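Coordinates in review
Residue-level listing of the chains:
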Amino acid sequence: MSRAEVRDEAAGESEATASGATPNPGAARTPRTPRTPSALWSLGLFRSELLTTFRRWRTLALLAVLAAVPVLVGIAVKIETSDGSSLGGGGGGGGEGPAFISQISNNGLFLVFTALAATLPFFLPMAIGVVAGDAIAGESSAGTLRYLLVAPAGRSRLLLTKYATVIAFCLAATLVVAVSALAVGALLFPVGDLITISGTRISYAEGLGRALLIALVVAASLVGIAALGLFVSTLTGSGIAAMATTVGLLITVQILDQIPQLDALQPYFFSHYWLSFADVMREPVYWDDLVKNLGLQALYAAVFGSAAWARFTTKDITA
């Protein structure tokens, strides 16, 4: 059953009640057996949520902005190096993501790593915050939330479907950046074997594999902010307020993560290990910070996911 069918069914029941229609007496004496949602029904609800999310103009605009970032970076590097000069600032920073920019003119595949490093601190999580913040609060402000709950979905199932949709958007947004950067890099710069941060040479095919792994790591790095945004979305009936609050929390955490006096707390900020994906480009791969990042994201997902469930399952739905 799709979301439209759920709302139509709910509207029909409401109209019948409002008109004073009397049900069949025999049917009234027969206890109504509650319907249990099947796995197929749950998949249909998830499919409907995906279509609804990715058909919104706001979502398409966010993806377009993300796709434009690698284009702008690639063109800027191409113009800067058109006279044969090289970019400065390469190789330093202990392998931090932004250092990849100095390698773009030598190999277009490095534009993938640079674009992800450029979008991860703000653009990618901001897009996730907008979608997650609107997940529940947007339905409430539109007056459609209670109609979704009339169907045998249940609050827990609906909340899980919303979170799964946000996670799917995390993956889609990351892949949009990576694919755009891959296409622009191949178009504007030479491609071939590449040099890792450790100084070893790997094939272009292996480089593509590591680029895919980095994209998956970046997508997984966003599940914490996704859970936080979903929790905020259950606290208010205004989609705009939920989105603004989530983005505001993102900016606040990013600022706090740069204050030296808070170094004892910074390892617990969801954004602290985001740029650890650069360690995938070491030979061998340095896993310590990557594991810490994924573990921290899992912790945020568990804590704020549980908080969202506790809030949503006890919340009075009036819209």
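Before reading further, recall that the structure is shown in the block above.
Here goes a summary of the coordinates provided. All values reported here derive from a predicted model rather than from experimental measurement.

For the coordinates displayed, the defined rule picks out 7 aromatic pairs. Between Phe-110 and Phe-113, the ring centres sit 5.6 Å apart and the planes meet at 85°, which makes this aromatic pair edge-to-face. Of this pair, Phe-110 and Phe-113 both sit in helix α5 (residues 110–119), 3 residues apart, roughly one helical turn. Comparing Phe-110 with Phe-113, the two get one shared label, buried. Residues Phe-231 and Phe-304 carry aromatic rings whose centres are separated by 5.9 Å and whose planes lie at 50° to one another, so their mutual orientation is tilted. Note that Phe-231 is positioned in helix α10 (residues 223–233) and Phe-304 in helix α12 (residues 288–314), a separation of 73 residues in sequence.

A few words now on the packing of helix α8 (residues 155–188) against α12. Any two packed helices are characterised by how steeply their axes cross, that is the angle between the axes, and by the distance between the axes. Running from N to C, α8 and α12 cross one another at 140°; their axes reach a closest spacing of 10 Å. The angle between α8 and α12 falls in the class oblique. For the element pair α8 and α12, the recorded crossing hand is right-handed. Contacts from Arg-155, Ser-156, Leu-158, Leu-159 and Tyr-163 in α8 reach Ala-301, Ala-308, Trp-309, Phe-312, Thr-313 and Thr-314 in α12. In terms of residue class, the contact of α8 with α12 is made up of 7 nonpolar, 3 polar and 1 charged.

Definitions and cut-offs
- For every chain, the first residue of its written sequence is number 1, and the numbers climb from 1 along that sequence.
- Whole-chain, interface and lining totals are the exception, using all residues; otherwise, since this is a predicted model, local features are given only for residues with pLDDT of at least 70 and side-chain atom pairs are given and counted only at 80 or more.
- Computation of side-chain values covers all heavy atoms of the structure but excludes hydrogens and water.
- When two rings of Phe, Tyr or Trp (its six-membered ring) have centres within 6.5 Å they constitute a pair, described as stacked for plane angles under 30 degrees, edge-to-face for angles over 60, and tilted for the intermediate range.
- The way it works is that DSSP assigns letters per residue, a run of H or I at least four long becomes a helix, a run of E at least two long becomes a strand, and they are numbered from the N terminus.
- Here the term buried applies to any residue with accessible area under 20% of the maximum for its type, exposed to any over 50%, and partly exposed to those in between, with areas from a 1.4 Å probe on protein chains only.
- Lines fitted to C-alpha atoms define the axes here, with helix axes fitted over just the stretch in contact, and angles between the N-to-C directions of these axes take values from 0 to 180 degrees.
- Any angle between 65 and 115 degrees counts as roughly perpendicular, while under 35 counts as roughly parallel, over 145 as roughly antiparallel, and the rest as oblique.
- Crossings are sorted by hand: turned counterclockwise from the far helix by less than a right angle, the near helix makes the crossing left-handed, and turned clockwise it makes it right-handed.
- Every residue pair with non-hydrogen atoms within 4.5 Å of one another is taken to be in contact.
- Any residue that is not Ala, Val, Leu, Ile, Met, Phe, Trp, Tyr, Cys, Pro, Asp, Glu, Lys or Arg is counted as polar, Gly included; the first ten are nonpolar and the last four charged.

Keep in mind that these numbers describe shape and distance, not what the molecule does.
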